[in-house]
Amino acid sequence: MTEFWLISAPGEKTCQQTWDKLMTATTRTNNLSTNNKFNIPDLKVGTLDVLVGLSDELAKLDSFVESVVKKVAQYMADVLEDSRDKVQENLLANGVDLVTYVTRFQWDMAKYPIKQSLKHISEIVSKQVSQIDNDLKARASAYNNLKGNLQNLERKNAGSLLTRSLADIVKKDDFVLDSEYLVTMLVVVPKVNYTDWQRMYETLAEMVVPRSTNLLFEDQDSGLFTVTLFRKAIDDFRHKARENKFTVRDFQYNEEEMKADKEEMTRLSTDKKKQFGPLVRWLKVNFSEAFIAWIHIKALRVFVESVLRYGLPVNFQAMLLQPNKKNMKKLREVLYDLYKHLDSSAAAIIDQSAMDIPGLNLSQQEYYPYVYYKIDCNLLDFK
């Protein structure tokens, strides 16, 4: 399970007592969850008005930062196209896997100085993550263009003989070049019609050079043949060939053009390799930055919400629960029993089935008598 429930409850006589109660209720006898204390430092509280406004702003910021974290993770998966199992190895926070980072969370005093106001800290996060989002758009756009151009060229060099580029199949020797009267044409012939071709090609038009056909290349369905004829017979030959299911390809041998295509392919391929390493490094570093910022936002939200709900002086215990998948419903009930005294208005919401009143969508809002936020470390949906 990569899902965590970040909750807080007011300190009893001490915060340790709150912790012990939770542990007794959820782990000592029934293994409902694995729990860790979630350490939030002594942040500056500020005024009630500011806290109320900040509560809404942090909710929006939480969604935005989560979306950027997921975008960076998903783009990492797209870039590491051949090795998606490697993606998880690269999705680290501060050099450790996400579950370890979340369960051992320590506030980063250097990045988010706690002497600053809560609003200022949230602005630091917002600015930092917006920058990552903008950089990602620019880098992804450049790399995707390069990748797209390369794929288009690769596509031209693959596929059916009727459509693919012929540049890497033909050689100069296959053609009669620089002749005023003669021209070599390339014809795609279905394999089932080889015999017909050999029998008929000399008579498809007047002025076809006898015995001038050669098979240059075959794919699954067809073969590519040369045939040499007089220039004035081209239209007639094309027409008759089509009637007999032979397809004349529009192709003129041009060494310069073919060389330019090959060089373009090599250049794009080299550029892609050159950009790949730095891009993956950038994604790694900025995934870590964005994820760390996200968990700090969760910490801010717990702090603000706990002060708003439980009042001053600041006295609450933040706790991180990793629910046992089979027992999630049971865990909710146990937590409800433990904390229902904190807020009687939350009582109805535990009974989700009772909430099917048209137009009243409370069950979607996950409101509980204790402060609760979900953290899901599974950030990728592999297609």
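Calculation criteria
Residues numbered from 1 in each chain as written. Predicted model: local features only at pLDDT ≥ 70, side-chain atom pairs only at ≥ 80, totals over all residues. Heavy atoms only, no water. Phe/Tyr/Trp six-rings, centres within 6.5 Å; stacked < 30°, edge-to-face > 60°. Buried < 20%, exposed > 50% of the residue type's maximum accessible area, 1.4 Å probe, protein only. Pairing = 2+ DSSP bridges. Helix = DSSP H or I, 4+ residues; strand = E, 2+ residues; numbered from the N terminus. Axes fitted to C-alpha atoms, helices over the stretch in contact; angles between N-to-C directions. Contact = heavy atoms within 4.5 Å. Parallel < 35°, antiparallel > 145°, perpendicular 65-115°, else oblique. Left-handed = near helix turned anticlockwise from the far one by under 90°. Nonpolar A, V, L, I, M, F, W, Y, C, P; charged D, E, K, R; others polar. Expected span 1.5 Å × (residues − 1). Polar contact = N/O pair within 3.5 Å; in protein donor to acceptor, adjacent residues only side chain to side chain. Patch = residues over 30% accessible without salt bridge, like charges linked within 9 Å, V, L, I, M, F, W, Y side chains within 5 Å. Areas by Shrake-Rupley, 256 points an atom, 1.4 Å probe, with all protein chains shown as cover. Salt bridge = Lys/Arg side-chain N within 4 Å of Asp/Glu carboxyl O. pLDDT = per-residue confidence, 0-100.

The next point concerns the packing of aromatic side chains. Counted according to the given criterion, the structure contains 18 aromatic pairs. Ring geometry for Y101 against F105: centres 6.1 Å apart, planes inclined by 85 degrees, an arrangement best described as edge-to-face. Each member of the pair, Y101 as well as F105, carries the same accessibility label: buried. Ring centres of W197 and F225 lie 5.8 Å apart, and the angle between their planes is 45 degrees; on these two criteria the pair is classed as tilted.

For sheets, the rule is that strands pair by backbone hydrogen bonds, running either parallel or antiparallel. What the 4 strands build is an open sheet, ordered 2-7-1-8; its pairing is antiparallel. If you trace the sheet from one side to the other, it starts and ends with strand 2 (33–37) and strand 8 (371–376), each paired once. Ignoring strand direction, the axes of neighbouring strands in this sheet form an average angle of 25 degrees. Note: strand 1 (residues 3–10) against strand 7 (residues 316–323), 6 bridges, orientation antiparallel. Among the inter-strand pairings, W5 is bridged to a residue of strand 7, identified as L321. The strands touched by helix 8 (residues 255–310) within the sheet are strand 1, strand 7 and strand 8, with strand 8 carrying the most contacts at an inclination of about 170 degrees. Contacts between helix 9 (residues 328–339) and the sheet are confined to strand 1, strand 2, strand 7 and strand 8, with strand 1 contributing the most and set at about 10 degrees to the helix.

As a further point, take the packing of helix 2 (residues 48–79) against helix 5 (residues 118–156). Helix 5 packs onto helix 2 with a crossing angle of 25 degrees between their chain directions and a minimal axis gap of 10 Å. Judged by the angle between their axes, helix 2 and helix 5 are roughly parallel. Considering the relative orientation of helix 2 and helix 5, their crossing is left-handed. Residue classes in the contact of helix 2 with helix 5 are distributed as 17 nonpolar, 4 polar and 7 charged.

Bringing the sheet that holds strand 6 (residues 247–249) into the picture now. Reading across the sheet, the 4 strands line up as 4-5-3-6 and stay open at both edges, with antiparallel pairing between neighbours. Sheet topology places strand 4 (214–218) and strand 6 at the edges, where each strand pairs with a single neighbour. Each neighbouring strand pair of the sheet contributes to a mean axis angle of 35 degrees, computed without reference to strand direction. Taken together, the 9 bridges between strand 3 (residues 182–190) and strand 5 (residues 222–230) define a ladder with antiparallel strand orientation. In the strand pairing of strand 5, L186 is matched with T226. The strands touched by helix 7 (residues 234–243) within the sheet are strand 3, strand 5 and strand 6, with strand 3 carrying the most contacts at an inclination of about 5 degrees.

Turning to helix 9, a few remarks are in order. With 12 residues, helix 9 should cover 16 Å at 1.5 Å per step; its first-to-last C-alpha distance of 17 Å lies within 8% of that length. Every buried residue of helix 9 is listed here: L331, R332, V334, L335, Y336, L338 and Y339.

The next point concerns the environment of N157. Its location among the elements puts N157 in the loop between helix 5 and strand 3. Taking the C-alpha atoms as reference points, N157 and G277, 120 residues apart in sequence, are found 26 Å from one another. Apart from residues lying up to four places away in sequence, N157 is in contact with R164, S165 and M265. For N157, the side chain forms a polar contact with the side chain of S165, separated by 3.4 Å.

The next thing to look at is a nonpolar patch on the surface. Together, Y181, M207 and F230 give the surface a local cluster of nonpolar side chains, amounting to about 300 Å² of exposed area. Along the polypeptide, F230 turns up in strand 5. F230 sits in the partly exposed class, given a relative accessible area of 32%.

Further remarks concern unusual backbone geometry. The amide bond that connects L312 to the next residue, P313, takes the cis arrangement and shows omega of -5 degrees. You will see that D178, though not glycine, has its phi angle at about 55 degrees, which is positive. On the secondary structure map, D178 appears in the loop between helix 5 and strand 3. Take D178: its relative accessible area is 84%, and that puts it in the exposed class. Phi is positive for K245, close to 65 degrees, though the residue is something other than glycine.

This brings us to the confidence of the model for the chain. Of the residues in the chain, 92% reach a pLDDT of 70 or more, and the chain-wide mean stands at 90. Note on residues 352–364: pLDDT is under 50 here. Beyond four places in sequence and across chains, it has 7 contacts.

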